[in-house]
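Structural overview
Next come the chains, spelled out residue by residue.
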2 protein chains.
Amino acid sequence: MRTTVKDVAKAVGLSTTTVSLVLNNKPNRIPEATRKLVLKAAKELNYRPNHIAVSMVTKKTHTIGLILPDISNLYFSELAKVIEEQCHKYGYNVLYGNTNGTLEHEFEYLNLFVDRSVDAVIMTVSSNYSETDVKRLYEIGETNNVPIMMVDRTLDDPRFMSVLLDQKLGGFLATSYLINLGHKKIACITGPKNLRISIERLEGYKSALGDAGLPFDRSLVIEGDFSVDSGSRALPYILGQNATAVFSLNDMMAIGVYRECRRYHLSIPQDLSIVGFDDIFIDEFLEPPLSTIAQPVQEIGKYAVKKMMSVLEGKKNPCTDAGDTKIFKPALKVRGSALKFTEKKQI
Amino acid sequence: MRTTVKDVAKAVGLSTTTVSLVLNNKPNRIPEATRKLVLKAAKELNYRPNHIAVSMVTKKTHTIGLILPDISNLYFSELAKVIEEQCHKYGYNVLYGNTNGTLEHEFEYLNLFVDRSVDAVIMTVSSNYSETDVKRLYEIGETNNVPIMMVDRTLDDPRFMSVLLDQKLGGFLATSYLINLGHKKIACITGPKNLRISIERLEGYKSALGDAGLPFDRSLVIEGDFSVDSGSRALPYILGQNATAVFSLNDMMAIGVYRECRRYHLSIPQDLSIVGFDDIFIDEFLEPPLSTIAQPVQEIGKYAVKKMMSVLEGKKNPCTDAGDTKIFKPALKVRGSALKFTEKKQI
DNA sequence: TTGTATGCGTTATCAA
DNA sequence: TTGATAACGCATACAA
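Taking an unreviewed UniProt entry as the reference, chain A is identified by name as HTH-type transcriptional regulator DegA belonging to Caproiciproducens galactitolivorans.

Thoughts on the relation of the copies chain A and chain B
The operation relating the two chain copies consists of a rotation about an axis and a shift along that axis. You can overlay chain A on chain B at an RMSD of 0.2 Å; the transform is a turn of 180 degrees with a shift of 0.1 Å along its axis. With respect to symmetry, the two chain copies, as superposed, fit the operation of a two-fold axis. Taking C-alpha positions as the reference, the residue of chain A nearest the rotation axis is Leu-95 of chain A, at 2.2 Å. Looking at the interface residues of chain A, 98% of them are also at the interface in chain B, so both copies use one shared face.

Thoughts on the protein's contact with DNA strand C
Around DNA strand C lies a shell of 26 residues, among which Val-5 and Ser-20 of chain A together with Ser-15, Thr-17 and Lys-59 of chain B are the nearest. Near the protein, within 4 Å, the atoms of DNA strand C are sugar or phosphate in 69% of cases. In this structure, a phosphate oxygen belonging to DNA strand C sits 2.7 Å away from a side-chain N or O atom of Ser-20 of chain A. Thr-18 of chain B is positioned such that a nitrogen or oxygen atom in its side chain is 2.8 Å from a phosphate oxygen of DNA strand C. Counting residues per element, the ones that place at least two in the surface near DNA strand C are α2 (16-23) and α4 (51-58) of chain A together with α2 (16-23) and α4 (51-58) of chain B. It is α4 of chain A that provides the largest number of residues to the surface near DNA strand C, a total of four residues. A per-class count over the surface near DNA strand C returns 12 nonpolar, 11 polar and three charged.

Focus: the protein's contact with DNA strand D
Taken together, 26 residues are adjacent to DNA strand D, and Ser-15, Thr-17, Thr-18 and Lys-59 of chain A together with Val-5 of chain B come closest. The backbone of Ser-15 of chain A places a nitrogen or oxygen atom 2.8 Å from a phosphate oxygen of DNA strand D. One of the side-chain nitrogen or oxygen atoms of Thr-17 of chain A is found 2.6 Å away from a base nitrogen of DNA strand D. Taken together, the elements giving at least two residues each to the surface near DNA strand D come down to α2 and α4 of chain A together with α2 and α4 of chain B. The leading source of residues in the surface near DNA strand D is α4 of chain B, at four residues. Looking at the surface near DNA strand D residue by residue, the classes come out as 12 nonpolar, 11 polar and three charged.

Remarks on the sheet that holds strand β9 (residues 273-275) of chain B
All names here are of chain B. Read from one edge to the other, the open sheet built from four strands follows the order β7-β6-β8-β9, with strand pairing classed as parallel. Here the strands that pair on one side only, and so sit at the sheet edges, are β7 (221-223) and β9. Along the sheet, successive strands turn relative to each other by an average axial angle of 20 degrees, direction set aside. Relative to β7, strand β6 (residues 186-190) runs parallel, the two sharing three bridges. Note on β7: the bridge partner recorded for Thr-190 is Glu-223. Strands β6, β8 (245-248) and β9 of the sheet are contacted by helix α8 (residues 167-180), whose axis makes an angle of about 170 degrees with β8.

Observations regarding a nonpolar patch on the surface
A contiguous nonpolar patch, built from Met-56 and Val-57 of chain A together with Met-56 and Val-57 of chain B and spanning about 380 Å² of accessible area, is present on the exposed surface. Put simply, the parts of the chain that give the nonpolar patch at least two residues each are α4 of chain A together with α4 of chain B. When you line up the elements, Met-56 of chain A lands in helix α4.

Brief notes about the environment of Leu-181 of chain A
All names here are of chain A. With respect to the helices and strands, the residue Leu-181 is situated in the loop between α8 (167-180) and β6 (186-190). For Leu-181, a relative accessible area of 15% translates into the label buried. Setting aside its immediate chain neighbours within four residues, Leu-181 contacts Ala-338, Leu-339, Lys-340 and Phe-341.

Considerations on the environment of Arg-116 of chain B
As for its placement among the helices and strands, Arg-116 of chain B is situated in the loop between α6 (103-115) and β3 (120-123). In this structure, the C-alpha to C-alpha distance between Arg-116 of chain B and Leu-21 of chain B, residues 95 residues apart in sequence, is 27 Å. In this structure Arg-116 of chain B touches His-51, Ile-52, Thr-61, His-62, Thr-63, Gly-91 and Asn-93 of chain A together with Thr-61 and Leu-95 of chain B, once residues within four positions along its chain are discounted. Here Thr-61 of chain A takes part through its backbone oxygen, which lies 3.1 Å from a polar atom of the side chain of Arg-116 of chain B.

Some thoughts on the packing of helix α5 (residues 74-89) of chain B against helix α12 (residues 297-312) of chain B
All names here are of chain B. Between α5 and α12, the shortest axis-to-axis distance is 9 Å and the interhelical angle comes to 40 degrees. The orientation of α5 relative to α12 falls into the category oblique. Where α5 crosses over α12, the handedness of that crossing is right-handed. Every residue of α12 that contacts α5 at Tyr-75, Glu-78, Leu-79, Val-82, Ile-83, Gln-86 and Cys-87 is listed here: Val-297, Gln-298, Ile-300, Gly-301, Lys-302, Val-305 and Met-309. Its residues placed into classes, the contact of α5 with α12 shows nine nonpolar, three polar and two charged.

Procedures and definitions
Residues numbered from 1 in each chain as written. Chains lettered and ligands numbered in written order. Predicted model: local features only at pLDDT ≥ 70, side-chain atom pairs only at ≥ 80, totals over all residues. Heavy atoms only, no water. Least-squares fit on C-alpha atoms with pLDDT ≥ 70 in both. Contact = heavy atoms within 4.5 Å. Near = heavy atom within 4 Å. Polar contact = N/O pair within 3.5 Å; in protein donor to acceptor, adjacent residues only side chain to side chain. Helix = DSSP H or I, 4+ residues; strand = E, 2+ residues; numbered from the N terminus. Nonpolar A, V, L, I, M, F, W, Y, C, P; charged D, E, K, R; others polar. Pairing = 2+ DSSP bridges. Axes fitted to C-alpha atoms, helices over the stretch in contact; angles between N-to-C directions. Patch = residues over 30% accessible without salt bridge, like charges linked within 9 Å, V, L, I, M, F, W, Y side chains within 5 Å. Areas by Shrake-Rupley, 256 points an atom, 1.4 Å probe, with all protein chains shown as cover. Salt bridge = Lys/Arg side-chain N within 4 Å of Asp/Glu carboxyl O. Buried < 20%, exposed > 50% of the residue type's maximum accessible area, 1.4 Å probe, protein only. Parallel < 35°, antiparallel > 145°, perpendicular 65-115°, else oblique. Left-handed = near helix turned anticlockwise from the far one by under 90°.

Here it is in structure tokens:
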């Protein structure tokens, strides 16, 4: 059996109050003598506070809930790692759940975590929320007094803190790069079309096209679902449109394009230039290494928990403070998956 | 504020006992009338039990602690996903921690989780344990009455449940495949040399060599650390030994070999055949797709939590039951990274 | 069929 | 400087 405060108290012949006082370094003026006595006994009995009991009275669990679409996804597993590491630094543990991108699971985990009295929730919403859904989400946070932070993807509601990426800029960067390489027919494989990040990245694509005086051609855009397979499925269509380059809204679909290109005996970048999005670790090991838009995952994760901690320490009010949406800038990472359009012609 | 049993009781004019009784479907004969009344009130007030308070009295948190070396590692992130999903099915949540392979962190998280009264711990130990360490680990589980399960890697102590892979068989399979392809000089890039899985996989390598009447040549073995970089670093040495094939004890190092081969303008499998270990998802998208030893991660994860659940439900005693070590069989997955030795000569 | 009282391990209030 | 005692939200033995 674990030793409790009672055991320690009994061992030193003092009350549990006194023991609790010294163990928690309370400002009460406890004489050094009894102080040492208690500390010694606690150590000898290997006393460790029962966290559940502490939570019961303090109303703090020092636990945060992390709700992610899929932790086996490279981007999220890295994010999960940073977040856990950072939380650990602050003395917080993390409870996590995979939603597989469904709204039901998002709410299910949110409720589950809130039932377990997590101090905060960090989540990336992956489905479409109706106004009612947003309201429901907000109310869960409100009535349980747990701050909710959106990371990577957000809801259109200023009441939630958000830590995001400038998705549009990413789309712009990728597309501009391809344009500067001389490509005119640049296809775009999107994510689910109603998804915010999908829309924003596509906007960047359009905007780059516009800046270059190139027309936006709807037939060059094909919808995917961020999976490798959907990337593969998109290739035949893209080829049919005579595109010479493609901007894939994430790296997984780009990998799908790679795979399908091999089946068609097409080589990247000679036959098709491609730029992805995310910069997952595997990119540099692909053949050719995939050029992509890099998200500063480490910084995003660090910022997210730092911000959350300051909220939990009461330094910030998540609902009223300005600047509650932090937007990180992505960067183009040039590797070897895109070639000048002219070079292509020479082959 | 959240509604409590008291609120519900007050609302229906009954005692908290009655409310608790119906809410938990206790076998007390509660008349359908009051039953419905309570249920209705609970629903209207949106009552959700405070999990912390429940744990306080039931001594069960329905939480398991998952201690992994690195959740951003492809193998572990997949394992973490299965485990979380399975736990979720059983109504359990998971608290997780990254140890980065250090003994201190393993103990730190174990203590942390035990302080939080997790019902069980599933961990993969990644460092070397002295006898004292093993004893300490065991005692933590014992005094807190939390079953500890080792997954993927184990300690040499029958008191812990273990869910493992037949590592030696994996090494044997990979090496035999290369031997059957006609290779005589097969290098081996190992993991940290004192690590159990490293030793076991190497034993499989030796055993395959022995079965084929091939000599075990120590100079063909080079130590890595399971990272991509260590795979890259190993290549020049392997080339220097005139090896025509290499068995990499994990896929990450194999990826390192791929990368380094490109720098040397060597092609796989024409210039060098290679077989990895793990079957991480990216393997099939590499060029050429990496042949490897596949671990049934899904099954391993499912089995692990199923077993743990049966222990928690008291159907099994983790310390006395026989067969507490389950060993899964790996399988060779042939893709395109190895070629017949003779074909190589023809090129 | 339902209510009272108690306890889980801890912190907090207030008195001594 | 220290110790009763209450309280956190719930489940449960026992009583009514």
